[in-house]
Amino acid sequence: MRIEVLDDAAAVAMRLADIICEAVQTKPDARLGLPTGNTPIAAYMELARRVEAGAGDFSRADVFAIDEFCDAARTTPGTNTMFYREHLAIRPRALHCPNPSAEDPAAHIAAFAEAIRRGGGLDLCVLGIGRTGHIAFNEPGSARDSRARVVALTELSRAAHAENFGSLDKVPSRGMTLGVADLLESRAIVVMVTGAHKADIVRAATKGPMTAEVPASWLQEHDDVLWVLDADAGAGLTAKSKE
Ligand code: GLP
């Protein structure tokens, strides 16, 4: 595991944009898993700027969502589908996102994960981390061998999305997610984290024991994981730069 602690959130966004651009330069038809959340928005804006300026080309790359809500329409504000429409203007060959209104979400997300596997897996998967240590929608309690499935969202996760849905009662109580085992099959993983409120969970995930209680701790098992942190998120670590 490598950890980079950068000065601030702006530096994390630039580093993320560099890493994602490099992935498509190396492999134009790269298959990228990209997360939602507040953390990646600045990086996605930078990527869009580069695409616009001709400095980035995603036209042969495939982008895959790593999770989605259940029990909503694709056009419901707050869904991940809407997030990508709003924030990810990089014009990939295709954006693959589970359908939040799928009638049988368990079968739907299992088929989604299977299609990723059949296509050769993800070349690069970018992840954020929730305050509880969740990755995608793998909430605490998610085992190392968990696969794509429907999950009950914690109240903390639902609250984090209240604003995007308009109010807490509009946030679905279930989500679909790639499982921990699915995410660990990605060839390379980058975790980006900013903010002092994530410092404790970053420390637990990177330095603590691997446990289902902190799903991000399973990433310690992967041999190509890079954590990109701002100084606030990295404040709980002793090393101040690359480890
Ligand atoms: C959400 C998403 C995750 C994301 C996380 C952190 O619930 N399902 O994929 O990484 O929360 O979000 P944020 O970047 O807003 O802190």
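Our subject is the structure listed above.
Attention in this report is confined to the structure presented alongside it. (Residues numbered from 1 in each chain as written. Predicted model: local features only at pLDDT ≥ 70, side-chain atom pairs only at ≥ 80, totals over all residues. Heavy atoms only, no water.)

Some points on the site of the ligand
- T36, G37, N38, T39, D67, G128, I129, H134, A136, F137, H161 and K198 make up every residue found near the ligand.
- Within the backbone of N38, one N or O atom sits 2.7 Å away from an oxygen atom of the ligand.
- At a separation of 3.1 Å, an oxygen atom of the ligand approaches a polar side-chain atom of H161.
- Out of a free accessible area of 390 Å², the ligand has 89% covered by protein chains.
- Of the residues assigned to the shell around the ligand, the class counts are 3 nonpolar, 7 polar and 2 charged. (Near = heavy atom within 4 Å. Polar contact = N/O pair within 3.5 Å; in protein donor to acceptor, adjacent residues only side chain to side chain. Areas by Shrake-Rupley, 256 points an atom, 1.4 Å probe, with all protein chains shown as cover. Nonpolar A, V, L, I, M, F, W, Y, C, P; charged D, E, K, R; others polar.)

Re the pattern of salt bridges
- Within the structure shown, the criterion is met by 17 salt bridges.
- Measuring nitrogen to oxygen at the nearest pair gives 2.8 Å for the salt bridge that ties E46 to R50. With E46 and R50 both in helix 2 (residues 41–52), this residue pair falls 4 residues apart, about one helical turn. Residues E46 and R50 agree in their burial class; the two are buried.
- Through salt bridges with shared partners, a single network forms among E114, R117, R147, D182 and E185. (Salt bridge = Lys/Arg side-chain N within 4 Å of Asp/Glu carboxyl O. Helix = DSSP H or I, 4+ residues; strand = E, 2+ residues; numbered from the N terminus. Buried < 20%, exposed > 50% of the residue type's maximum accessible area, 1.4 Å probe, protein only.)

So, the pairing of strand 6 (residues 124–127)
- The side-chain alternation of strand 6 yields two buried faces, one formed by L124 and V126 and the other by C125 and L127.
- Examined bridge by bridge, strand 2 (residues 31–33) and strand 6 share 2 bridges and lie parallel to one another. If you follow L32 over to strand 6, its bridge partner there is L124.
- Inspection of the sheet shows strand 6 paired to strand 9 (residues 188–193) by 4 bridges, in the parallel sense. Counted as the bridge partner of L127 is V191 from strand 9. (Pairing = 2+ DSSP bridges.)

Details of the sheet that holds strand 10 (residues 225–230)
- One open sheet accounts for 7 strands, arranged 1-10-9-6-2-3-5; its pairing is parallel. Each edge of the sheet is formed by a strand with only one pairing partner; in this case those strands are strand 1 (2–6) and strand 5 (94–96). Across the sheet, the mean angle separating the axes of adjacent strands is 20° when strand polarity is ignored.
- Running at roughly 160° to strand 10, helix 8 (residues 199–207) makes contact with strand 1, strand 9 and strand 10 of the sheet. (Axes fitted to C-alpha atoms, helices over the stretch in contact; angles between N-to-C directions. Contact = heavy atoms within 4.5 Å.)

Concerning helix 8
- Where helix 8 is concerned, the buried positions are A199, I201, V202, A205 and T206. Each buried residue of helix 8 sits inside an arc of 165° when the element is viewed along its axis, so together they form one side.
- Buried residues in helix 8 make contact with strand 1, strand 9 and strand 10. (Arc of directions from axis to C-beta.)

Describing the nonpolar core
- Membership of the largest hydrophobic core comes to 37 residues, with the highest contact counts inside it found for L127, L219, W227 and L229.
- Those elements giving two or more residues to this core turn out to be strand 1, helix 4 (105–118), strand 6, helix 7 (180–184), strand 9, helix 8 and strand 10.
- Ranked by residues supplied to this core, first place goes to helix 4 with 4 residues.
- Not counting residues within four places of it along the chain, the set of residues in contact with W227 comprises M1, R2, I3, E4, I129, V191, V193, V202, A205, T206, A216 and L219.
- I19, V51, Y84 and V190 belong to the second-largest nonpolar core, a separate cluster that totals 33 residues. (Core = buried A, V, L, I, M, F, W, Y, C linked by side-chain atoms within 4.5 Å.)

A closer look at the pairing of strand 9
- Extensive coverage of strand 9 is indicated by the burial of 6 of its 6 residues.
- Along strand 9, one buried face is formed by A188, V190 and M192 and the opposite face, lined by I189, V191 and V193, is buried too.
- Remark: the strand 9/helix 8/strand 10 crossover connection has right-handed handedness. (Right-handed = clockwise from strand over helix to strand, strands pointing away.)

A look at the packing of aromatic side chains
- For the structure on display, the rule yields 5 aromatic pairs.
- With a centroid separation of 5.2 Å and 70° between ring planes, the pair formed by F69 and F137 is classed as edge-to-face. Taken together, the positions of F69 in strand 4 (residues 67–69) and F137 in the loop between strand 6 and strand 7 (149–152) put the pair 68 residues apart, joining distant regions of the chain.
- You can call F137 buried: its relative accessible area is 3%.
- Three or more aromatic residues joined by ring pairs make a cluster, and in this case those are Y44, F83 and Y84. (Phe/Tyr/Trp six-rings, centres within 6.5 Å; stacked < 30°, edge-to-face > 60°.)

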